[in-house]
Amino acid sequence: MDETRSAILAELRAEFDDSENVFTLSHVLLSPGGREQIEDSLRKQYEALGRELYLDDAERFGYWDGQFSKELAEFLALAITANVQEIIVPVAPMICPLYCKLKAEGTLASEGFNLTVAIADVLLACGTQIPFPIVQVAVYATKNHILDRCCLCEG
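Here goes a summary of the coordinates provided. (Residues numbered from 1 in each chain as written. Predicted model: local features only at pLDDT ≥ 70, side-chain atom pairs only at ≥ 80, totals over all residues. Heavy atoms only, no water.)

Let's shift gears to the pattern of salt bridges. Oppositely charged side chains can form a pair if their charged atoms are brought close together. Counting across every chain of the model gives 7 salt bridges. When the shortest N-O distance is used, the salt bridge between Arg-13 and Asp-17 registers 3.3 Å. With Arg-13 and Asp-17 both in helix 1 (residues 2-17), this residue pair falls 4 residues apart, about one helical turn. Overall, Asp-17 belongs to the exposed group, its relative accessible area being 54%. Members of the salt-bridge network, linked through shared partners, are Arg-35, Glu-39, Asp-40 and Arg-43. (Salt bridge = Lys/Arg side-chain N within 4 Å of Asp/Glu carboxyl O. Helix = DSSP H or I, 4+ residues; strand = E, 2+ residues; numbered from the N terminus. Buried < 20%, exposed > 50% of the residue type's maximum accessible area, 1.4 Å probe, protein only.)

Another aspect to go through is unusual backbone geometry. A positive phi angle, close to 55 degrees, is found at His-145, a residue other than glycine. With respect to the secondary-structure elements, His-145 resides in the loop between helix 7 (134-143) and helix 8 (146-150). A residue is classified by how much of its surface remains accessible, and His-145, at 41% relative accessible area, is partly exposed.

Let us now look at the environment of Leu-115. Considering the arrangement of structural elements, one finds Leu-115 in helix 6 (residues 112-125). Between the C-alpha atoms of Leu-115 and Tyr-99, which are 16 residues apart in sequence, the distance is 6.8 Å. The contacts of Leu-115, once residues within four sequence positions are left out, are Ile-95, Leu-98, Tyr-99, Leu-102, Leu-108, Thr-142 and Leu-147. (Contact = heavy atoms within 4.5 Å.)

What follows covers the nonpolar core. Here is a general trend for soluble globular proteins: nonpolar side chains tend to be buried in one another's company. Core analysis: the largest hydrophobic core is formed by 45 residues, its most contacted members being Leu-12, Val-84, Ile-88, Ile-119 and Leu-147. Mapped onto this core, the elements with two or more residues apiece are helix 1, helix 2 (22-29), helix 3 (32-48), helix 4 (66-88), helix 5 (92-105), helix 6, helix 7 and helix 8. Here Val-84 is in contact with Leu-29, Val-137, Tyr-140, Ala-141 and Ile-146, once residues within four sequence places are set aside. (Core = buried A, V, L, I, M, F, W, Y, C linked by side-chain atoms within 4.5 Å.)

The next subject is the side chain of Thr-81. Along the polypeptide, Thr-81 turns up in helix 4. The class for Thr-81 is buried, based on a relative accessible area of 12%. For Thr-81, the side chain forms a polar contact with the side chain of Tyr-140, separated by 2.8 Å. Once you skip the residues sitting within four places of it in the chain, Thr-81 turns out to touch Tyr-140, Ile-146 and Arg-149. (Polar contact = N/O pair within 3.5 Å; in protein donor to acceptor, adjacent residues only side chain to side chain.)

A few words on the packing of aromatic side chains. Pairs of aromatic rings are described using the distance from one ring centre to the other and the angle between the two planes. In this structure the tally under the stated criterion is 2 aromatic pairs. With a centroid separation of 5.6 Å and an interplanar angle of 65 degrees, the aromatic rings of Phe-16 and Phe-113 are classed as edge-to-face. Here the residue Phe-16 occupies a position in helix 1, and Phe-113 occupies one in helix 6, the gap between them amounting to 97 residues. Since its relative accessible area comes to 19%, Phe-16 is described here as buried. (Phe/Tyr/Trp six-rings, centres within 6.5 Å; stacked < 30°, edge-to-face > 60°.)

Over its 16 residues, helix 1 runs 22 Å from end to end, which matches the ideal 22 Å to within 8%, given 1.5 Å per residue. Residues Ile-8, Leu-12 and Phe-16 constitute the buried set of helix 1. One side of helix 1 holds all its buried residues, which, seen down the axis, span an arc of 60 degrees. Those residues of helix 1 that are exposed and angled more than 90 degrees off the buried face are Glu-3, Ala-14 and Asp-17. Buried residues along helix 1 sit against helix 6 and helix 7. (Expected span 1.5 Å × (residues − 1). Arc of directions from axis to C-beta.)

Our focus in this paragraph is the packing of helix 5 against helix 6. Look at helix 5 against helix 6: their axes get within 10 Å of each other, and the N-to-C directions meet at 175 degrees. With respect to their mutual orientation, helix 5 and helix 6 come out roughly antiparallel. On helix 6, the residues touching Met-94, Ile-95, Leu-98, Tyr-99 and Leu-102 of helix 5 are Asn-114, Leu-115, Ala-118, Ile-119 and Val-122. The class makeup of the residues in the contact of helix 5 with helix 6 is 9 nonpolar, 1 polar and no charged. (Axes fitted to C-alpha atoms, helices over the stretch in contact; angles between N-to-C directions. Parallel < 35°, antiparallel > 145°, perpendicular 65-115°, else oblique. Nonpolar A, V, L, I, M, F, W, Y, C, P; charged D, E, K, R; others polar.)

Geometric values such as these leave the question of function open.
Laid out in structure tokens, this is it:
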């Protein structure tokens, strides 16, 4: 278990310090069908506006322009948040005391990594054959304030 925890701590630090990649995370946390459905829905909206598929022709508007990518990332993030929230809600009672303490002290921003470690530890303790990436879930939950949505404390 110590080797597993050491490896997870190293991965947590690298992941926490790096920027989140919603597209990569969506491949891990969303079903292929769910991800395709979101992308298809957005593509249909663009087509309804008369925007065409990009075919390396400078005169054609591309689906993968900055705006399409930004909107797709926003939709994927909403879906990821719902999935991460489902994972965090059952373990929230174990994490909320630390979260509420850091929030009350106003040290949540500076101590976010410690909260991430706590979330990962709780998820690890819940079972060894967890079918989701603990590190990515812990980092995403911290950086996106998932505990704000499912905190069970009264304060």
